[in-house]
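Geometric and topological summary
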Amino acid sequence: MKLVVVSAGLSVPSSTRLLADRLAAATGRYTSVDVQVVELRDLAVEIAHNFTSGFPGRALSAALEAVTEADGLIVVTPVFSASYSGLFKSFFDVLDQDALTGRPVLIAATGGSARHSLVLEHALRPLFAYLRAVVVPTAVYAASEDWGAEGLAERIDRAAGELGRLMEGLGSGAGALRRAEVADTAGAADKADASVVVDTDTAAAIAPRSLDGALASADRFTVIPFEQQLAALRP
């Protein structure tokens, strides 16, 4: 399965990217994933141009496609002014609003103080609920003092486990849905092809008056749809 990590960190090295990498590695312990990282810092100019021109650049287009085709997402933003960063929000503003429907998403954030941890619940979770994504129950916030302290590793592991199990569950469900859709399509095609060629002389003798119009053909043979044949057999 494809796991896409969206990191909105700005500095190099970035604590936001570090948290994103740890979450992705932990998810890989629960389910087999191919990880692709989208660094929004590298897309900032193209995101701004997309707002003014209405068209994504090559790199932004590839990032949007990766997010759209992902089986699961990890999204991590630094906290600016008690909310997600403008770059983070801008990226999801240019993403199609239906792209994340039903997609499992793990939300996370980094900040200088633990006082900003509620950004996960009052900003990020409502954003992805609006996009109709399936947000895992455990969100992860890492303040400066959390690195190397007890508790962060456990939260990362718990959130990653929830994402991994959700990806597997929704992935198998999506596969079953696709198989059902293929079966329905095949059944509809078989039904559409279930018309038969009937000798009009024979059919005229046994068909009720409801088939008179269908049988009133100048040709020797007439194609009668399957539904019409069933209607003719009803009392």
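For every chain, the first residue of its written sequence is number 1, and the numbers climb from 1 along that sequence. Note on the predicted model: pLDDT of at least 70 is required for a residue's local features to be given, and 80 or more for side-chain atom pairs to be given and counted; whole-chain, interface and lining totals, by contrast, use all residues. To get the side-chain values, all heavy atoms of the structure are used, and hydrogens and water are removed first.

1. Notes on the environment of Asp-42
Put simply, DSSP marks the helices as runs of H or I at least four residues long and the strands as runs of E at least two long, and each gets a number from the N terminus on. Mapping Asp-42 onto the fold places it in the loop between β2 (34-39) and α2 (44-53). It is 9.6 Å that separates the C-alpha atoms of Asp-42 and Ala-8, two residues lying 34 residues apart in sequence.

2. Some remarks on the pairing of strand β1 (residues 2-7)
Among the six residues in β1, five count as buried, and that is most of the element. When DSSP finds at least two bridges between two strands, those strands are taken to pair. As paired strands, β1 and β2 are joined by six bridges and run parallel to one another. In the strand pairing of β2, Ser-7 is matched with Glu-39. When the strands point away from the viewer, a crossover counts as right-handed if the path from the first strand over the helix to the second runs clockwise. Traced from β1 through helix α1 (residues 15-27) to β2, the parallel crossover comes out right-handed. Three labels apply to residues, based on accessible area from a 1.4 Å probe with only protein chains included: buried if under 20% of the type maximum, exposed if over 50%, partly exposed otherwise in between.

3. Some details on the pairing of strand β3 (residues 72-80)
With eight of nine residues buried, β3 is to be regarded as a mostly interior element. Inspection of the sheet shows β1 paired to β3 by five bridges, in the parallel sense. For Val-4, the partnering residue across the bridge sits in β3 and is Leu-73. Pairing geometry for β3 and strand β5 (residues 104-111), over six bridges, is parallel. Across the sheet, residue Val-76 finds its bridge partner in β5, namely Ala-108. Direction of pairing for β3 relative to strand β4 (residues 83-84): antiparallel, over a ladder of two bridges. Counted as the bridge partner of Val-79 is Tyr-84 from β4. With antiparallel pairing between neighbouring strands as the criterion, β3 and β4 make up a hairpin whose turn holds two residues, including Ser-81 at a positive phi of roughly 55°.

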